[in-house]
Amino acid sequence: MEARADVPSTGRALLATAVVGGAIAAVVLGGYAIGGALMGAAGPPIDVAGVVRVQPLSGWELAARFAEPPRARLTRGSGNLDVVAVPFAGPAAELARQYVRAVLEPEARQLSVSREVERVTLESGLPGVRIAYVGLFGKAQAPIEGEVTAFVSPSGVGAVFDAWGPEGVLRYVLDDVRTMIERAVIG
Amino acid sequence: MSASLPPPPPFSGLARHRWATRGTLFRFRSPAFWLFAAIVVVTGVLSIEQQQAFRDLSPSGWALSWGLLALYVLPVLLLVSVLDLYEREPLSLLAGAFLWGAVAATTLSAYANEGWGLVVARVGGPGFASRWTAALSAPIVEETLKVAGIVLLAILAADEFDDVLDGFVYGALCGLGFAVVEDVFYFIGVFGGTPGGVLAGFWVRVVSSGLYGHVLYTGLSGMGVAYVVSRRGQEPLGRRVGIALALFLAGLAGHVLWNAPILDLFPGKTDGILDLLRIPLAAAVKGLPLLAFVVVLVRLAHRRERRWLESALRSEVGRRGLTAAELGVLLDPRARRRARREVGARAGPGAARVLRRLQREQVNLAMAGARATSPEDPALVRQRDYCKSLRDALHAIPGAAAAAPGPGPRVPETTSGPTPPAP
């Protein structure tokens, strides 16, 4: 190892170091700051069966409504969020499993569902669960990946949020989707 | 043998820049050192945690990844070392550049890419983001964070950035560190971490694409940093910064092209030997233009450094530290190696080591001359004396004098006489 040598620091060295430190901080944190600023609310809240309300973020719009069970579909490009409201008595994990059995499995030619169940909580404090899936649906050749988030309110309202999109695309809407779910009002 | 060599002269008096003195990363009174160290320590902890997670996920795949990457690192290190012929950079600074790329830049980029990915997704939508995020966010984030480390090194050791080639060496090592850690991430996280997956990843990312990538991108950025530092007093700040920016953008453009979904000839999936063989061809289409550009720049920089060395040492020929024959050998890397081999064959490996040290100190004599305020600057005189004492030590070894470069024209030893004419 070379001989160690100390030298006095100067104002210029300090300034240059501060500029580099500032640039590093701007690069590391800047994306989150700008991304957050771009995540404004857009349009009126979407109401499903009068018991679940979701505020679309910027870029998201209501694409369709379905009657049985009551369901609204929000889209942004090729990313989608289906919001389902059903009366339900039981744990949120059971609601998620029933959604997979009743909605996803009949439509899928091939389906894999994660064994891991993630615990999540709404801003209101209501606990829920989240599972991920990937499969082939309808006539589409490309796999669809998604995640199902389920909550059951104390008043017996079951809410299922099914975020889905072509494989590789979903990750680019997950931040938006999770924010909309966290802010949703149920019951 | 080298234990009996004369001690090197002290470096006091050689420093020109106020920010630093020669030879080390550990400049405790420089604020740049503390920022550098703080970031490397914090990100180092996170980096170790990530490696432990990879090891737990796939112990054999993780070990195989590092074993294979060692095969990649060693020749690249050798290549960079060959480029750094005339003036060896201090080991601690080289290690610092590598560590910054491997630990700090990779960890910070992981966080930053996530944030800027959100921006691309929110501005362009998910479909656009899935195709273009890798090309739009990663190059800017990663190239900026890597070059930030080289800038910190330049602030704390400006006197070690003597020419653009020095910047290339530091930048290339930083890029090498980044590439290695990123490759481990890909081998485990994307290629599955099984031995078969790791081998597939090694074929795609190292064998097929290892010539291109981070080493080149950051090498270019490093050249820009060195240009700003080493041309101070020779060119106006605006021009130096403009050229540095152009070099940074050239590296950035190469990275954008590599990540962009254009000119993409890579097979979607590999079903046979033909698909495997397509991968290096597809990589060459994207990577060869930048490689050719960098080779040209490095050759130009190398020639310039050789010219500089020659002009810096010409006035030393005939003084105590250097003969004309020694200068001729010093300027030709092959002749240097040949001279060491011949001395080693005739007088043993100890003599070859002394000759190597003499050659290195004669290069340092050029550095001392460049920093000296007069031909009789005390530091310069000390360096001449040191070179002479090394030559004397070499000639004292039986058989070495006959094999060592000849004396060439010399003038009587003096410390105040006129500078002899160039040979």
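So, here is what we can say about the structure in this document. (Residues numbered from 1 in each chain as written. Chains lettered and ligands numbered in written order. Predicted model: local features only at pLDDT ≥ 70, side-chain atom pairs only at ≥ 80, totals over all residues.)

Side note on the overall build of chain B
Move 1: On a plain count of helices and strands, chain B comes out with 14 helices and 0 strands.
Move 2: Helices (α) and strands (β) of chain B occur, in sequence order from the N terminus, as α-α-α-α-α-α-α-α-α-α-α-α-α-α.
Move 3: Across the 423 residues of chain B, 47% fall into the buried class.
Move 4: Sequence-distant contacts in chain B: of pairs separated by 6 or more residues, those separated by 24 or more amount to 79%. (Helix = DSSP H or I, 4+ residues; strand = E, 2+ residues; numbered from the N terminus. Buried ≥ 20, exposed ≤ 12 C-beta atoms within 10 Å, placed from the backbone. Contact = placed C-beta atoms within 7 Å.)

Describing the nonpolar core
Residue and element names in this part refer to chain B.
Move 1: Counting residues in each nonpolar core, the largest one holds 133 residues, and the members touching the most others are Ala 97, Leu 173 and Val 225.
Move 2: The dominant element in this core, judged by the number of residues it contributes, is helix H3 (residues 91-136), at 19 residues.
Move 3: With near-sequence residues (within four places) excluded, Leu 173 lies in contact with Val 80, Leu 94, Ala 97, Phe 98 and Gly 101.
Move 4: Counting residues in hydrophobic clusters, the runner-up holds 28 residues, among them Val 317, Val 343, Ala 366 and Ala 368. (Core = buried A, V, L, I, M, F, W, Y, C linked by C-beta atoms within 7 Å.)

Structural notes on helix H1 (residues 11-37) of chain A
Move 1: Along H1(A), the sharpest change in direction is near 45° and occurs at A:Leu29.
Move 2: Those residues of H1(A) lying buried are A:Ala13, A:Ala16, A:Thr17, A:Val20, A:Ile24, A:Val27, A:Val28, A:Gly31 and A:Gly35.
Move 3: In this structure, the buried residues of H1(A) make contact with helix H1 (31-57), H3 and helix H4 (138-156) of chain B. (Bend = angle between axes of the 7 residues up to and from the residue.)

As for the sheet that holds strand E11 (residues 185-186) of chain A
All names here are of chain A.
Move 1: A sheet is described by the order of its strands in space; here 3 strands give the open sequence E1-E2-E11, paired in antiparallel fashion. In the strand order of this sheet, the two ends are held by strand E1 (46-48) and E11, each with one partner.
Move 2: Where strand E2 (residues 52-54) meets E11, 2 bridges bridge the pair, whose relative direction is antiparallel. Paired with Arg 53 across the bridge in E11 is Val 185. (Pairing = 2+ DSSP bridges.)

A word on helix H13 (residues 378-395) of chain B
Residues and elements named next belong to chain B.
Move 1: For H13, spanning 18 residues, the distance from its first C-alpha to its last is 26 Å, which sits close to the expected 26 Å at 1.5 Å a residue.
Move 2: All buried positions along H13 are accounted for by Ala 379, Leu 380, Gln 383, Arg 384, Tyr 386, Cys 387, Leu 390, Arg 391 and Leu 394. End-on view of H13: buried residues confined to an arc of 160°, all on one side of the axis. (Expected span 1.5 Å × (residues − 1). Arc of directions from axis to C-beta.)

Some remarks on the interface of chain B and chain A
Move 1: Listed as interface residues are 41 residues of chain B and, on the opposing side, 39 residues of chain A.
Move 2: Element by element, the count of residues in the side of chain B that touches chain A is highest for H3(B), at 18 residues.

Section: unusual backbone geometry
Move 1: Along the chain, A:Glu68 connects to A:Pro69 via a cis peptide bond; the corresponding omega equals -10°.
Move 2: Mapped onto the elements, A:Pro69 comes out in the loop between strand E3 (61-66) and strand E4 (71-76).
Move 3: The residue A:Ala49 is not glycine, and still its phi comes out positive at about 60°.
Move 4: By the secondary structure assignment, A:Ala49 is in the loop between E1 and E2.
Move 5: The exposure class of A:Ala49 is partly exposed, given the 17 C-beta atoms found within 10 Å.
Move 6: The backbone of B:Leu263 shows a phi angle near 50°, a positive value even though the residue is not glycine.

Section: the pairing of strand E9 (residues 144-152) of chain A
Move 1: Across the 9 residues that make up E9(A), a large majority, 8, are buried.
Move 2: Taken together, E9(A) and the strand that follows it, strand E10 (residues 157-166) of chain A, pair antiparallel across an intervening segment of 4 residues, in which A:Gly156 is found at a positive phi of about 90°.

A short note on the pairing of E10(A)
Within a regular beta strand, the side chains point alternately toward one face of the sheet and then the other, so they alternate between its two faces.
Residues and elements named next belong to chain A.
Move 1: Counted residue by residue, E10 has 8 buried out of 10 residues, so it is predominantly covered.
Move 2: Of the strand pairs in this sheet, strand E5 (residues 79-87) and E10 are connected by 8 bridges, and their pairing is antiparallel. Looking across to E10, one finds that Ala 85 is bridged to Ala 159.
Move 3: Of the strand pairs in this sheet, E9 and E10 are connected by 9 bridges, and their pairing is antiparallel. Residue pairing across strands places Glu 145 opposite Gly 165, the latter belonging to E10.

Considerations on the packing of H3(B) against helix H5 (residues 164-189) of chain B
All names here are of chain B.
Move 1: Put simply, H3 and H5 touch, their axes get as near as 7 Å, and they point 40° apart. Of the possible angle classes, the one that applies to H3 and H5 is oblique. Regarding H3 and H5, the two cross each other, and that crossing is right-handed. Touching Leu 93, Leu 94, Ala 97, Phe 98, Leu 99, Trp 100, Gly 101, Ala 102, Ala 105 and Thr 106 of H3 are Tyr 170, Leu 173, Cys 174, Gly 175, Leu 176, Gly 177, Phe 178, Val 180, Val 181 and Glu 182, all from H5. (Axes fitted to C-alpha atoms, helices over the stretch in contact; angles between N-to-C directions. Parallel < 35°, antiparallel > 145°, perpendicular 65-115°, else oblique. Left-handed = near helix turned anticlockwise from the far one by under 90°.)

Notes on the packing of H3(B) against H4(B)
Residue and element names in this part refer to chain B.
Move 1: Two elements in contact, H3 and H4, have axes whose closest approach is 5 Å; the angle formed by their N-to-C orientations is 155°. When the axes of H3 and H4 are compared, the pair comes out roughly antiparallel. The two elements H3 and H4 cross, and the hand of that crossing is right-handed.
Move 2: Each residue belonging to the contact of H3 with H4 can be placed in one class, and the counts come to 16 nonpolar, 5 polar and 2 charged. (Nonpolar A, V, L, I, M, F, W, Y, C, P; charged D, E, K, R; others polar.)

A look at the environment of B:Tyr212
Residue and element names in this part refer to chain B.
Move 1: Take Tyr 212: it is sitting in the loop between helix H6 (195-207) and helix H7 (214-230).
Move 2: As for Tyr 212 and Trp 258, which are separated by 46 residues in sequence, their C-alpha atoms are 9.2 Å apart.
Move 3: Apart from residues lying up to four places away in sequence, Tyr 212 is in contact with Trp 258, Ala 283, Gly 287, Leu 290 and Leu 291.

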